[in-house]
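Reading the structure
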Amino acid sequence: MTSLSISITMIIFSVLFLVFIIRLIKTATFTLEYSLMWLAIGTIMLVFSIFPQIPEYFANLFGFETMSNFLLVMAVLFSLLQLIIFTKYTTKQTDDIKSLIQEVSILKEKVKKEE
């Protein structure tokens, strides 16, 4: 594959990704916080596909031999960040559910005592 065909393929993929995210937002599948994050990722993908000099510059700046290594490391770091964020939210929801269960149990006991 030539460099031009790879760029065109990446541009098409990025646009399709953005369209997919926008459709998910319209159907209210994402919260605002997550939708903004995914829109930003799609926009960065599109900019990087249109201007491959940008990731190449950062790859050279941070000492990577190839741009693909830089993009792979960035993808892994992004994935790890996402895992940490989702773990935080899952833990918070678990604690909230635990509190709700305790409150409901206390209320049930009060209702039983009053009857």
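Just above, that's the structure.
Residues numbered from 1 in each chain as written. Predicted model: local features only at pLDDT ≥ 70, side-chain atom pairs only at ≥ 80, totals over all residues. Heavy atoms only, no water.

Considerations on the overall build of the protein chain
- Secondary structure summary: the protein chain contains four helices and zero strands in total.
- In the protein chain, the succession of helices and strands from N to C terminus is α-α-α-α.
- Relative to the globule expectation of 13 Å for 115 residues, the C-alpha radius of gyration of the protein chain, 23 Å, shows a markedly less compact shape.
- Projected onto the principal axes, the alpha-carbon positions of the protein chain cover approximately 80 × 35 × 20 Å. (Helix = DSSP H or I, 4+ residues; strand = E, 2+ residues; numbered from the N terminus. Rg over C-alpha atoms; globule rule 2.2 N^0.38 Å.)

A closer look at helix α2 (residues 32-50)
- The end-to-end C-alpha separation of α2 is 27 Å, in line with the 27 Å expected for 19 residues at 1.5 Å each.
- The secondary structure elements touched by the buried residues of α2 are α1 (3-26) and α4 (67-114). (Expected span 1.5 Å × (residues − 1). Contact = heavy atoms within 4.5 Å.)

Focus on the packing of aromatic side chains
- A full pass over the atoms with the stated rule returns six aromatic pairs.
- Both rings, one in Phe17 and one in Trp38, keep their centres 6.2 Å apart while their planes meet at 65°; by these two values the pair is edge-to-face. Here Phe17 is found in helix α1, whereas its partner Trp38 is found in helix α2, with 21 residues between them in sequence.
- A relative accessible area of 19% means that Phe17 is categorised as buried.
- Judged by relative accessible area, which is 22%, Trp38 ranks as partly exposed.
- Arranged with centres 5.6 Å apart and planes meeting at 65°, the rings of Phe64 and Phe70 form a pair that is edge-to-face.
- Here Phe64 falls in the partly exposed class, since its relative accessible area comes to 22%.
- Of note, Lys88 hangs over the ring of Tyr89, and the distance from its end group to the ring centre comes to 5.1 Å. (Phe/Tyr/Trp six-rings, centres within 6.5 Å; stacked < 30°, edge-to-face > 60°. Buried < 20%, exposed > 50% of the residue type's maximum accessible area, 1.4 Å probe, protein only. Lys NZ or Arg CZ within 6 Å of the ring centre and 35° of its normal.)

Purely geometric numbers; function is a separate question.
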